[in-house]
Amino acid sequence: MTVNLEVAEGVGTIRLDRPPMNALDVATQDRLKELAEEATRRADVRAVVIYGGERVFAAGADIKEMQDMDHTAMVLRARALQDSFTAVARIPKPVVAAITGYALGGGCELALCADFRIAADNAKLGQPEILLGLIPGAGGTQRLPRLVGPSKAKDLIFTGRQVKADEALAIGLVDRVVPAAEVYEQAHAWAARLAQGPAIALRAAKESVDTGLETDIDTGLAVERNWFAGLFATEDRERGMRSFVAEGPGKAKFL
C-alpha cells in the first residue's frame, strides 16, 4: 500500500509510503482519502499524524502520470484530487503534519490540510506548479492564503520558489522547526497530548474555527454558540467542571 494507517495510544499515523519521493499518484490520492475517512470513523483514533518518513514528506504529484492526462481526463479527475485532500482537512480530530525533507506541490497542499505543522530544520516547502504551466489544484490557492495571507501566498504560487524551514516558520507556513531526527517524535507527542483531551470539545473547537474562516462572522458566531451550548450535554463537560471545582484547573481525565 502507498499509504498506511497505524494506531497506537489514541494516535493514528497516516504514513505515506511510496519511495523514493512519495509522489502522489492517483492510487495514493485515493488511498489517502480512504484512510482519512477511516481515521474519522474510528473511535480509537483521537488525534492524527501525517508523516512521509524520515527522508521526505511528499515531493508533489506524479508528473509522469499527469503528463499523459489530457483536458478531459483532468476534468474527470480534478474533483477526486481535491476530495482526497479535503478528507484529510475535515478529519474532526486534531491533525499534525510531521514534515521532513521536501513538501512540494501536492505535498505542501497536504501539509496545509493539518491543524499544526512541525518541520525538520532541513525541510523545504513550496508550490512549484507554475513552473509546469499550472496552478495548485489540491487546495493550494485556497488554503495557503488563509494560512499565510494573500500576499505571501501569491509570492510562493506566482514564483514557484521553495522556502527553507526558517522562512516557512517566519511566514507562518509551519508552526515549529526541530532537528530532523525529532520531527516524528515531537509530532506524535503533540497528537498524544491532545488524544487525552475531551474529544467532542476538540471536534467543536476545530469545526468552529474552520467554519468561521470560511464564512462571515455572524455565521461563525452561530456555529460557536451552538457548539458551546451543546457541550453542556456531554460527560466530558461534567467531568471537566467537577474536576476544576474539586482539584483546580488542568487535572481532569477525559478517557
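Our structure's up above, just so we're on the same page.
Enquirer: Please give an account of the overall build of the chain that cites residues and values.
Expert: When helices and strands are counted, the chain shows 11 helices and 9 strands. For 255 residues, the compact-globule estimate of 2.2 N^0.38 gives 18 Å, and the chain sits close to it at 19 Å. C-alpha extents for the chain along the principal axes are approximately 65 × 40 × 35 Å. Split into buried and exposed, the 255 residues of the chain put 44% on the buried side. If you take every contact in the chain between residues at least 6 apart in sequence, the share linking residues at least 24 apart comes to 70%. Accessible surface computed for the chain: about 13,300 Å², of which carbon and sulfur atoms make up 55%. Seen as two clouds, the 31 positive and the 35 negative side-chain charges of the chain have centres 3 Å apart.

Enquirer: Talk me through the pairing of strand β6 (residues 116-120); I want residue IDs and the actual numbers.
Expert: Counting buried positions along β6 yields 5 of 5 residues, so the element is predominantly enclosed. Residues Phe116, Ile118 and Ala120 line one face of β6 and the alternating positions Arg117 and Ala119 line the opposite face, and both faces are buried. The sheet contact formed by strand β4 (residues 95-99) and β6 spans 4 bridges and is parallel. Looking at β6, one finds that Val96 is bridged to Phe116. Sheet topology places β6 next to strand β9 (residues 176-178); 3 bridges connect them, and they run parallel. Its bridge partner being in β9, Ala120 is matched across the sheet by Val178.

Enquirer: Give me the lowdown on a nonpolar patch on the surface, citing residues and values where you can.
Expert: Taken together, Ile63, Leu132 and Leu134 make up a surface patch of nonpolar side chains, about 260 Å² in accessible area. By the secondary structure assignment, Leu134 is in the loop between β7 (124-126) and α5 (140-148).

Enquirer: Kindly report on the side chain of Lys93, identifying the contributing residues and their values.
Expert: Assignment of secondary structure puts Lys93 in the loop between α3 (71-89) and β4. Although buried, Lys93 forms no salt bridge, and the nearest oppositely charged side chain, Asp44, lies 6.7 Å from it. A distance of 3.2 Å separates the side chain of Lys93 from the backbone oxygen of Thr40, its partner in a polar contact.

Enquirer: Tell me about the packing of α5 against helix α6 (residues 150-159), residues and numbers included.
Expert: Look at α5 against α6: their axes get within 7 Å of each other, and the N-to-C directions meet at 135 degrees. When the axis of α5 is compared with that of α6, the two are oblique. In the crossing of α5 with α6, the sense of the turn from one axis to the other is right-handed. Here Gly140, Thr141, Leu144, Pro145 and Val148 of α5 lie close against α6, whose contacting residues are Pro150, Lys152, Ala153, Leu156 and Ile157.

Enquirer: Please set out helix α8 (residues 183-195) residue by residue, giving values where relevant.
Expert: Under the 1.5 Å per step criterion, the end-to-end length of α8 is 18 Å for 13 residues, consistent within 8% with the ideal 18 Å. Taken as a whole, α8 has its buried residues at Val183, Ala187, His188, Trp190, Ala191, Leu194 and Ala195. Projected down its long axis, α8 carries its buried residues within an arc of 155 degrees, all on one side. Exposed side chains of α8 directed beyond 90 degrees from the buried face belong to Glu185 and Arg193.

Enquirer: Describe α5, listing the residues and the values that go with them.
Expert: Structurally, the α-helix is built with 3.6 residues per turn, so residues lying three or four positions apart point the same way. Gly140, Leu144 and Val148 are the residues of α5 that are buried. Take α5 and look down its axis: the buried residues cluster within an arc of 20 degrees, on one side only. On its buried face, α5 is in contact with α4 (106-112), α6 and α7 (165-171). Looking one or two residues beyond α5, the residue adopting positive phi is Gly149, at roughly 95 degrees.

Enquirer: Tell me about the packing of aromatic side chains, residues and numbers included.
Expert: Enumeration according to the criterion identifies 3 aromatic pairs in this entry. With centroids separated by 4.7 Å and ring planes inclined at 35 degrees, the aromatic side chains of Tyr51 and Tyr184 adopt a geometry described as tilted. Note that Tyr51 is positioned in strand β3 (residues 47-51) and Tyr184 in helix α8, a separation of 133 residues in sequence. With relative accessibility at 26%, the residue Tyr184 sits in the partly exposed group.

Enquirer: Outline the pattern of salt bridges, supporting the account with residue identities and numerical values.
Expert: Opposite charge on two side chains permits them to pair, given that their charged atoms come into close proximity. Inspection of the entire model under this criterion finds 14 salt bridges. Of the charged contacts in the structure, one is a salt bridge between Arg18 and Asp25, with a shortest N-O distance of 3.4 Å. Residue Arg18 is classed as partly exposed on the basis of its relative accessible area, which comes to 24%. Taking relative accessible area as the criterion, Asp25 reaches 9% and is therefore assigned buried. The salt bridge involving Glu235 is made with Arg239; its shortest N-O contact spans 3.2 Å. Remark: Arg239 and Glu235 occur in helix α11 (residues 235-247); sequence separation between them is 4 residues, near one turn of the helix. For Arg239, a relative accessible area of 23% corresponds to the partly exposed category. Linked through salt bridges whose partners overlap, the residues forming this network are Arg18, Asp25 and Asp62.

Basis of the calculations
Every chain is numbered on its own, with residues counted from 1 as its sequence reads. Given that this is a predicted model, residues contribute local features only at a pLDDT of at least 70 and side-chain atom pairs are listed and counted only at 80 or more, while totals for whole chains, interfaces and linings are drawn from all residues. Side-chain numbers here rest on the full set of heavy atoms in the structure, without hydrogens or water. A run of DSSP states H or I qualifies as a helix once it reaches four residues; a run of E qualifies as a strand once it reaches two. Both are numbered from the N-terminal end. We compute the radius of gyration over the C-alpha atoms and compare it with the globule rule, which gives 2.2 Å times the number of residues raised to the power 0.38. Per-residue accessibility, obtained with a 1.4 Å probe over protein chains only, is compared with the maximum for each type, and a residue is labelled buried under 20%, exposed over 50%, and partly exposed between these values. We call two residues in contact when some of their heavy atoms are within 4.5 Å. For the accessible areas, the method is Shrake-Rupley and the probe is 1.4 Å, while residue cover comes only from the protein chains on display. The sign given to each residue is positive for Lys and Arg and negative for Asp and Glu; His and the chain ends receive no count. Where a charge sits is defined by one atom per residue type, namely NZ (Lys), CZ (Arg), CG (Asp) or CD (Glu). When DSSP finds two or more bridges between a pair of strands, those strands are recorded as paired. Patches here: salt-bridge-free residues with over 30% relative accessible area, like charges joined within 9 Å, nonpolar side chains (Val, Leu, Ile, Met, Phe, Trp, Tyr) joined within 5 Å. Each reported salt bridge corresponds to a side-chain nitrogen of Lys or Arg within 4 Å of a carboxyl oxygen of Asp or Glu. Contacts described as polar in this section are N or O atom pairs within 3.5 Å, which, within protein, must combine one atom able to donate a hydrogen with one able to accept it, while residues neighboring in sequence count only if both atoms come from side chains. Whenever a helix is involved, its axis is fitted only over the stretch in contact; in every case the axis is a line through C-alpha atoms, and angles between N-to-C directions fall within 0 to 180 degrees. Relative orientations are named as follows: roughly parallel for angles under 35 degrees, roughly antiparallel for angles over 145 degrees, roughly perpendicular for angles from 65 to 115 degrees, and oblique for any other angle. Throughout, a crossing is termed right-handed when the near helix is turned clockwise from the far one, and left-handed when it is turned anticlockwise from it by less than a right angle. By this rule, a helix spans an expected 1.5 Å times one less than how many residues it contains. Note that the arc is computed from the directions linking the helix axis to the C-beta atoms. Note on ring pairs: Phe, Tyr and Trp rings are taken, using the six-membered ring of Trp, and paired if centres are within 6.5 Å. Classes follow the plane angle, with under 30 degrees stacked, over 60 edge-to-face and the rest tilted.

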